[in-house]
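# Topology and contacts: notes
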Amino acid sequence: MSKPVEDKSRNVACPSCGAPVRFRGATSIVAVCPFCKSTLVRDGVKLENVGKQAELLEDQTPIRIGADGRHRGVGFNVVGRIQFRHEAGLWNEWYVLFADGKSGWLSDASREYTITYPIPPQVVEPFESLKAGDPIHIVGDKWYSGKYSVTNLDTGEVVAGEGELPFKFTSGWKANVADLRGAGARFATVDYSEVPPRIYVGEKLPFDTFAFSGLRDPERVGFTKGTALAFKCAGCGAPIEKHVTTTEVVACGSCGTVTDVTGTVGRLVQKNERNVAGFVPIIPLGTVGRWKNVKYEVVGFMRRGVTVDGVPYQWGEYLLHNIEQGYAWITEYNGHYNFVRTAAELPRDEEVLGQPRVKYLGRIFKHYQKSQAKVTFLTGEFYWRVQLGETVDCNDYVSPPLMVSSEGTGKEISWSVGEYVEPSAIFAAFALKAKPRKPVGVAPNQPSPYTGKVGPYWLAFIAFLALGLVAQLVFSAMQSSAKPSPVPFHLAGGETVARVTSAPFKIGGFGAAPLTVRTATIASTEWVSVDLQLTDADSGRAYSTQRSLGNHNISGNLEGSGIDVGEVPGVPAGRYTLAIEARSPKAVNGTVEVYRSSVGWSNFWLFAGFIVLWPTIALARSMAFEKKRWLESDYASDSSGDSDSDSEPDSDD
Amino acid sequence: MFRAYLAAAFTAFGLYSAGQYKGWSLMPSEAQEFQRQRAEQQSSSYGRGSSGGSGSSSSGHK
C-alpha cells in the first residue's frame, strides 16, 4: 500500500457558485470548480475567476482525479488534469502530488503512460531544427542525465482542464513539444511554449507498474459495445461506428473512405473509391478475446505491404484495444502471427561491424530488413489519421521469438516489440471457429524447432567417439601385448627336410582373431616349402598351415620372394608350440614368426562415421531452417543469420 | 529422436566391439595385403607362372 498523501489542502469557496474548491498542492495556483467549471487562480490570498473551462472530451481514460498510484515506491494522488489534442488524438497530463511533497505529471496518451518531473531549464536545440532520431543530451542529476533521442515532435492544443494545476492555461493554447527516449525506461518531454523551454524527465512504464487504485470503473469506461456512436461514411454514406472514444478516424468497410469521427458529424479525411474487393479479415472486427489475461477488442484492420526487388509482400495488422492497457496489434503474414505492443524502452544501437544490431531489454536483436511499408487496405477504427497509401520507413530486428521494429516518419519514430505466437493460440484466444491456415515458410522471428537440440547430439557424439577411442586403444594394447620371438629353422646342405619344434610361447590377444604367420628365408635363391603346426600346449588343439616361398628359375630369370605372409584363422590366445617342417632342394636358413597383427582402425572409423550422421543431419536441418528465416531479409545472400549450432530436429526423425 | 540416436550409437558401439573381438575388418589384413601385392607382381611379369607365396591352412584337433 502506498503511503497516504499528506493533506495540506486549503479550501476556498467558488466565487461563481459558492461550491467548495480545494487547493491541495502548495504549488497549485489554478483550480477548476467541479460544479460550475469556473477557473480560479490564486495569487497569495487573492482568488480570481478567469472564466469557465471548456468541456473535457470523453477519451475513456481509466484515470480520474482522486485516483492513487505509486512510482518507485512513493505514493501519489491525482489532483488535476489538462487535456490536449494533437495529430494522433487526445492525451491527458495528470497533475499528481506525491507523499513526499513533490509533484509530477502523469501522461496518458492512448494508454501509454509516462511520469515526469520538472527539472531546471537548460539549453536545448530549437524545436524547428529537430527531427526524429536526433540526439539530445540532458545534464543534471545522475538519475536522468544522459543521452536521449527525439522520438516524437508534435504540437498540442489544450482542450480543457479540471482539478488543480500549477500554472494558468486556456483552451486553445498551443505548445510545441518534443518527446525523447533515453536509456531503459527513461523518458523526457521538452515543452517549447516558454523560453527557455520547460523540460520534464521521468519514465515510460507499463500501466500495472503504477499500482493504481481509485480508477474509473472499467465496466463503465470499458468496452462500449452496443453504445457505439453512429456516423455516416463521408465517401459512400454507409453507416459506420465509433466504439472507442480515442478513435480519430474510421475506414469504411465498403468503399475504404477514411472519415474523421472526432466531432459529432463525420468529416472526410480521404476519399477512396473502393476497398480491396473481397478481402475479409480473418479475425472479424468487434471480436473480443483475452490475451495474457487482458481483454482486447479488435477495432481496426489494415493491410500493409512492401515491394522488394519488384516482388510485393503484404501482411495484415489487427488493431486491438483495452481500456487500461491501451492499444496492441496482431500481425499476420503467410499464416504466421505476432502479438505486438509498444516497446517498453528505446532499443539501443549496438556498436558492431557488419550486420546492425540493437539491444532491447538486455537482449541483442539482429537487423533483418529495412523497408518502406505502405497501407494498402483499411477498415475499422484507428487512433491516428491513417490513410490509404500512407508510408513509413521500417526497420525490423529479430531475436526469436521476439522482433523489435521501428517505424519512422520525419516527425516520429516509434518502436514496437512483437512476439511470435502459434496461430492456434491466437485462434483460441479470440474463439475463432475457423482453422488457421498452415504457415508458409519461416517467419523472421519464428522460434527454431532445433534450438537447443543440436548441441546434445554433438555432445553425445563426442562422448561416443571418446568411448570408441578408448576401446580402440584398449584393443590395440591387448592385441600387441605379447609378440613371440621368431622361430629359426636350418636346412643343411644335402638335407631335404628340416624339422624344428619351438619351446612353448605365449600368443596374446583376445577372442578368435586370425594369427599372422610370417616366413622368411635368408640369402636363399631356392624355393622352400614349409609345413607349420601350432599346438596349444594346454589343450592340445592344433592349427596347421602350409606355406611356399623362395624363387623359381623361369627361363633363366629368378622370380618369387624370400618372404611369405599368411594367416591362420580363429586362433585364441594361449601357450603354443610351433612345429616347422621345411623342404628345399638346397641348404637354406629361415625364420617363422607367429603373431597377432595390430588392431585395424577401419571398424573405428566406420563406427565414428555412423554416429556422426545424426548430429550432422541435425545441424544441416537447423542451418536450413535459419537459411529460410533469412531468405526474405536484407542478408539473404550470405545465408547467415544464425546457423544455430545449438539445435536439432524434433520431428520426423 | 535423441533417445533413438543414443540407442543406435550404443548398438553401433556394440557392433564395433564385436568386430574388433572377432577380427572383422573392412581393410585387408597384413596377409591379404601381401598376397595382393604378390599377385600384382606376378601379373606384371606377363603371367609367366607363379612361385611361392601360396599356402593353405587348416585347424583341428590333434
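All figures in this text were calculated on a predicted structure; none of them were measured in a lab. (Residues numbered from 1 in each chain as written. Chains lettered and ligands numbered in written order. Predicted model: local features only at pLDDT ≥ 70, side-chain atom pairs only at ≥ 80, totals over all residues.)

### Structural notes on the overall build of chain B
Of the regular secondary structure elements, chain B holds two helices and one strand. Each helix and strand of chain B, ordered N terminal to C terminal, gives the series α-α-β. Expressed as a percentage of its 62 residues, the buried residues of chain B come to 21%. (Helix = DSSP H or I, 4+ residues; strand = E, 2+ residues; numbered from the N terminus. Buried ≥ 20, exposed ≤ 12 C-beta atoms within 10 Å, placed from the backbone.)

### A word on the sheet that holds strand 41 (residues 588-595) of chain A
Residues and elements named next belong to chain A. Spatial ordering of the open sheet is given by 32-41-35-39, a layout of four strands whose pairing is antiparallel. Where the open sheet ends on each side, the last strands, each with one partner, are strand 32 (487-491) and strand 39 (563-568). Going across the sheet, the axis of each strand differs from the next one's by a mean of 20°, ignoring polarity. Direction of pairing for strand 35 (residues 515-522) relative to strand 39: antiparallel, over a ladder of six bridges. From the neighbouring strand, T516 faces strand 39, where its bridge partner is E567. (Pairing = 2+ DSSP bridges. Axes fitted to C-alpha atoms, helices over the stretch in contact; angles between N-to-C directions.)

### Comments concerning unusual backbone geometry
Residue and element names in this part refer to chain A. Note that the residue after V195, namely P196, is joined by a cis bond; omega there is -5°. Relative to the helices and strands, P196 resides in the loop between strand 14 (186-191) and strand 15 (198-205). The amide bond that connects P400 to the next residue, P401, takes the cis arrangement and shows omega of 5°. In this structure, K292 takes a positive phi of about 50° despite not being glycine. Tracing the chain through its elements places K292 in the loop between strand 21 (288-291) and strand 22 (294-308). Residue classification places K292 among the exposed positions, given that 10 C-beta atoms sit within 10 Å. Look at N334: it is not a glycine, yet its phi comes out positive at around 55°.

### Examining the packing of helix 3 (residues 454-479) of chain A against helix 1 (residues 2-22) of chain B
In the contact formed by helix 3 of chain A and helix 1 of chain B, the axes pass within 11 Å of each other and the chain directions differ by 10°. One finds that helix 3 of chain A runs roughly parallel with respect to helix 1 of chain B. Packed against helix 3 of chain A, whose contacting residues are P456(A), Y457(A), A460(A), F464(A), L467(A), G468(A), A471(A) and F475(A), the element helix 1 of chain B presents F2(B), Y5(B), L6(B), A9(B), F13(B), Y16(B), S17(B) and Q20(B) at the interface. Taken together, the residues of the contact of helix 3 of chain A with helix 1 of chain B sort by class into 13 nonpolar, three polar and no charged. (Parallel < 35°, antiparallel > 145°, perpendicular 65-115°, else oblique. Contact = placed C-beta atoms within 7 Å. Nonpolar A, V, L, I, M, F, W, Y, C, P; charged D, E, K, R; others polar.)

### Structural notes on helix 3 of chain A
Helix length check: helix 3 of chain A (26 residues) gives 37 Å between terminal C-alpha atoms against 38 Å at 1.5 Å per residue, within 8%. Turning to helix 3 of chain A, its buried residues are V454(A), Y457(A), F461(A), F464(A), G468(A), Q472(A), F475(A) and Q479(A). Along its buried surface, helix 3 of chain A packs onto helix 4 (602-611) and helix 5 (613-629) of chain A together with helix 1 of chain B. (Expected span 1.5 Å × (residues − 1).)

### A short note on the confidence of the model for chain B
Residues and elements named next belong to chain B. Residue-level pLDDT values for chain B average 75, and 69% of them are 70 or greater. By mean pLDDT, the top-scoring element of chain B is helix 1 (92), and the lowest-scoring one is strand 1 (residues 55-61) (45). Across residues 46-62, where pLDDT falls below 50, the model places 45 contacts with residues more than four positions away in sequence or in other chains. Quick note on the complex model: pTM equals 0.69, ipTM equals 0.73. (pLDDT = per-residue confidence, 0-100.)

### Details of the environment of W605(A)
All names here are of chain A. Position of W605 among the secondary structure elements: in helix 4. For W605, a count of 15 C-beta atoms within 10 Å translates into the label partly exposed. Separated by 137 residues in the primary sequence, W605 and G468 have C-alpha atoms spaced 9.4 Å apart.

### Notes on the pairing of strand 27 (residues 357-360) of chain A
All names here are of chain A. In the sheet, strand 26 (residues 348-350) pairs with strand 27 via three bridges, with the strands oriented antiparallel. Its bridge partner lying in strand 27, D349 is registered against V358. Once strand 26 ends, the chain turns through six residues before running back antiparallel as strand 27, passing G354 with a positive phi of about 80°. Relative to strand 28 (residues 363-382), strand 27 runs antiparallel, the two sharing four bridges. Bridging across to strand 28, K359 finds its partner in I364. In this structure, the hairpin formed by strand 27 and strand 28 is closed by a connection of two residues, where L361 is found at a positive phi of approximately 50°.

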